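Read off the chains here:
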Amino acid sequence: MYDRLAVYHNINNLIWTWSTPEADWYPGNLRVDMMGYDSYPGSYNYDCRADIYQSLKRIVGNNKMIHLS
């Protein structure tokens, strides 16, 4: 995907985001600009997901912006 967008189409203002708390799947800080999390908690579930935030923060080593995607 990167080659198609950045090389073939010459698009170079892209922001790459990763959206999973699975550390084993993370491609690394050199390939990702932001770290996110997709949340589908169900109806009327407004629980704080600080645990997910802390997990994402550990994965990126506190070097990336973390967002709710």
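Preceding this section is the structure that the text describes.
No experiment lies behind these values; they were computed from the predicted model shown.

### Observations concerning the pairing of strand β3 (residues 65–68)
Walk down a regular strand and you will see the side chains alternate between the two sheet faces.
Working step 1: One ladder, built from four bridges, connects strand β2 (residues 34–37) with β3; its direction is parallel. Residue pairing for β3: Y37 is matched across the bridge by L68.
Working step 2: Since β2 and β3 lie parallel, the crossover through helix α2 (residues 50–60) that links them has a hand, and here it is right-handed.

### Quick look at unusual backbone geometry
Working step 1: The residue Y44 is not glycine, and still its phi comes out positive at about 60 degrees.
Working step 2: Backbone geometry at N62 places phi at a positive 60 degrees, although glycine is not the residue there.
Working step 3: Mapped onto the elements, N62 comes out in the loop between α2 and β3.

### Focus: the pattern of salt bridges
Working step 1: A full pass over the atoms with the stated rule returns one salt bridge.
Working step 2: Between D51 and R49 there is a salt bridge, with its nearest N and O atoms 3.3 Å apart.
Working step 3: Exposure remark for R49: the relative accessible area of 39% places this residue in the partly exposed category.

### Description of the packing of aromatic side chains
Working step 1: One pass over the structure, following the stated rule, counts one aromatic pair.
Working step 2: Between Y2 and W16 the ring centres are 6.2 Å apart and the planes differ by 50 degrees, which places this aromatic pair in the tilted class. Taken together, the residues span a long stretch of sequence, with Y2 in helix α1 (residues 2–8) and W16 in the loop between α1 and β1 (17–18) at a distance of 14 residues.
Working step 3: Sitting over the face of the ring of Y8, R4 holds its NZ or CZ atom 4.0 Å from the ring centroid.

### Concerning the nonpolar core
Working step 1: Grouped together as the largest cluster of nonpolar side chains are eight residues: Y26, V32, M35, Y37, I52, L56, I59 and V60.
Working step 2: Contributing elements (two or more residues each) for this core: β2 and α2.
Working step 3: Here this core takes four residues from α2, the largest share from any one element.
Working step 4: In contact with M35, other than residues within four places in its own chain, are T17, W18, T20, Y26, L56, I59, V60, K64, M65, I66 and H67.

### Describing the environment of D51
Working step 1: Tracing the chain through its elements places D51 in helix α2.
Working step 2: On the accessibility criterion, D51 (46% relative accessible area) is partly exposed.

### Some thoughts on the side chain of T20
Working step 1: Residue position: T20 is located in the loop between β1 and β2.
Working step 2: Residues within four places of T20 in sequence aside, it is in contact with W25, M35, G36 and L56.

The rules we used
Residues numbered from 1 in each chain as written. Predicted model: local features only at pLDDT ≥ 70, side-chain atom pairs only at ≥ 80, totals over all residues. Heavy atoms only, no water. Pairing = 2+ DSSP bridges. Helix = DSSP H or I, 4+ residues; strand = E, 2+ residues; numbered from the N terminus. Right-handed = clockwise from strand over helix to strand, strands pointing away. Salt bridge = Lys/Arg side-chain N within 4 Å of Asp/Glu carboxyl O. Buried < 20%, exposed > 50% of the residue type's maximum accessible area, 1.4 Å probe, protein only. Phe/Tyr/Trp six-rings, centres within 6.5 Å; stacked < 30°, edge-to-face > 60°. Lys NZ or Arg CZ within 6 Å of the ring centre and 35° of its normal. Core = buried A, V, L, I, M, F, W, Y, C linked by side-chain atoms within 4.5 Å. Contact = heavy atoms within 4.5 Å.

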